[in-house]
Amino acid sequence: MFGFGTKNVGIDLGTANTIVYVEGKGIVLREPSVVAKSTKTGHVVAVGNEARDMIGRTPASIKAIRPMKDGVIADYDTTVAMLKYYMNKALGHAAGRPYVMVCVPSSVTAVEKRAVIDATRVAGAKGAYVIEEPFAAAIGAGLPVMDPTGSMVVDIGGGTTDIATISLGGIVSSQSVRIAGDKLNSAIANYIRQHYNLLIGERTAEKIKWDIGSASIEDAKKIDDMTVRGRYLLTGLPKTTKVSAVDVAKAMHEPIEGIISAVKETLEETSPEIASDVIDHGIVLTGGGALLKNIADVISKATRVPVSIAKHPMDCVAIGTGKSLSSINAIRKRK
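Residues numbered from 1 in each chain as written. Predicted model: local features only at pLDDT ≥ 70, side-chain atom pairs only at ≥ 80, totals over all residues. Heavy atoms only, no water.

Some points on the nonpolar core
As a reminder of what qualifies: Residues grouped as a nonpolar core are buried Ala, Val, Leu, Ile, Met, Phe, Trp, Tyr and Cys residues, joined through side-chain atoms within 4.5 Å. Relative accessible area decides the class of each residue, using a 1.4 Å probe on protein chains only: under 20% of the type maximum gives buried, over 50% gives exposed, and in between gives partly exposed. The helix and strand labels rest on DSSP assignments: H or I over at least four residues marks a helix, E over at least two residues marks a strand, and numbering proceeds from the N terminus. As annotated, the domain borders come from an automatic or database domain assignment. Whether two residues are in contact is decided by their heavy atoms, any of which lying within 4.5 Å being enough.
By size, the foremost hydrophobic cluster in this structure holds 45 residues, and its most contacted members are I208, I256, I283 and L285. Breaking this core down by element, the ones donating at least two residues are strand 11 (151–156), helix 5 (181–196), helix 6 (202–212), strand 15 (226–232), helix 8 (245–268), helix 9 (272–281), strand 17 (283–286) and helix 10 (295–303). Examining the composition of this core, we find that 11 residues originate from one element, helix 8, more than from any other. Both domain 2 (143–179 + 253–314) and domain 3 (181–251) contribute no fewer than three residues apiece to this core. Apart from residues lying up to four places away in sequence, L285 is in contact with V154, A290, I295, A296, I299, V307, S308, I309, A310 and P313. Ranked by size, the runner-up nonpolar core spans 28 residues in total, among them V47, V80, A125 and V130.

Here it is, written out as structure tokens:
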């Protein structure tokens, strides 16, 4: 089925980042899902890291956008341009047309799934297939997905959190909620605007999240304050202020509770046998959100189930998507 001269590709097409896995090589590319375009001509000016550095800093003639929103395509043409750029960068312009496996959220509609397949083919793929994110995450995390034992994975990405219980090569119960890294960033920016009268950008909010953010308000008391720069709303002028980790934890409390509620609901829909397996083996966290301080402890405390973080959580979906290339026929039958 696969071409002889071209390596096949697995793509984690995320809201925040795109990770490309090339068959036989592993992960070869990891860059932000951002494209900078000319507002006059529509031509692509920059993609990835270069485009991300332009967010909030572009003149009127250039606009830096994220073509993926909540795990699905929000801007089709820009997504095609981004996919084409990343596939050429990963394989080289001289490579043939590869077969590509792309991950999608478990809640994706048939129309959204078709958009991903079409965009991938237009970008240069000979054939395009999709795999659900939590299943790919479970494969990448090394869970025994083909065994007759239940596993549970919680993939906290940029746009969505995908939760699933898996057994015998299939998803038993799943849920996808549009509460993830982006929502946490927005919550931090909104809280600082309301309580500090300071307007900050998306990148600053994300830096605050990683530097002093904690899923636990109690544990946040042990973290030092952070110096933040933004525009003071009362004067309209730049200002530097100290932001406390406790306030950041308070800002993230509501979206984190939303993730926990989705985890609980998925557990409630699970059969007693698989629920027993999950208690024995625990819940595994993947995705960038798994790196948030104390998130595993907070979810474990709320669900009363052991929670662990996968090794290299940000790469699990891409690794699982790439590994699924070797069994693409079985996946097609399962779909």
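From this point, the narrative continues.
Things to note about the domain arrangement of the protein chain
So the rule is basically this: When two components associate, each loses some accessible surface as probed by a 1.4 Å sphere; the sum of these losses over both components is called the buried area.
For the protein chain, the assigned domains are domain 1 (9–135 + 317–334), domain 2 (143–179 + 253–314) and domain 3 (181–251). Each of domain 1 and domain 3 has a C-alpha centre, and these two points are 30 Å apart. Of the residues lining the interface, 6 residues belong to domain 1; the matching set on domain 3 comes to 5 residues. Summed over both partners, the interface of domain 1 with domain 3 buries about 540 Å², with 26% contributed by carbon and sulfur atoms.

Overview of unusual backbone geometry
Even without being a glycine, D70 presents a positive backbone phi close to 55°. Of note, D70 is situated in the loop between strand 7 (68–69) and strand 8 (72–73). Within the chain, N294 stands out as a residue other than glycine whose phi angle is a positive 70°. Among the structural elements, N294 can be located in the loop between strand 17 and helix 10. Owing to a relative accessible area of 23%, N294 belongs among the partly exposed residues under this scheme.

Some words on the packing of helix 5 against helix 6
Which entries qualify depends on this criterion: Axes here mean lines fitted to C-alpha atoms, for a helix over just the part in contact, with angles spanning 0 to 180 degrees between N-to-C directions. Should an angle lie under 35 degrees it is considered roughly parallel, over 145 roughly antiparallel, and from 65 to 115 roughly perpendicular; all remaining angles are considered oblique.
Following both chains from N to C, one finds helix 5 and helix 6 inclined at 100°, their axes separated by 9 Å at the closest point. As judged from the angle between their axes, helix 5 and helix 6 are roughly perpendicular. Contact with helix 5, carried on its side by G181, L184, N185, I188, A189 and I192, involves A205, E206, I208 and K209 of helix 6 and no other residues of that element.

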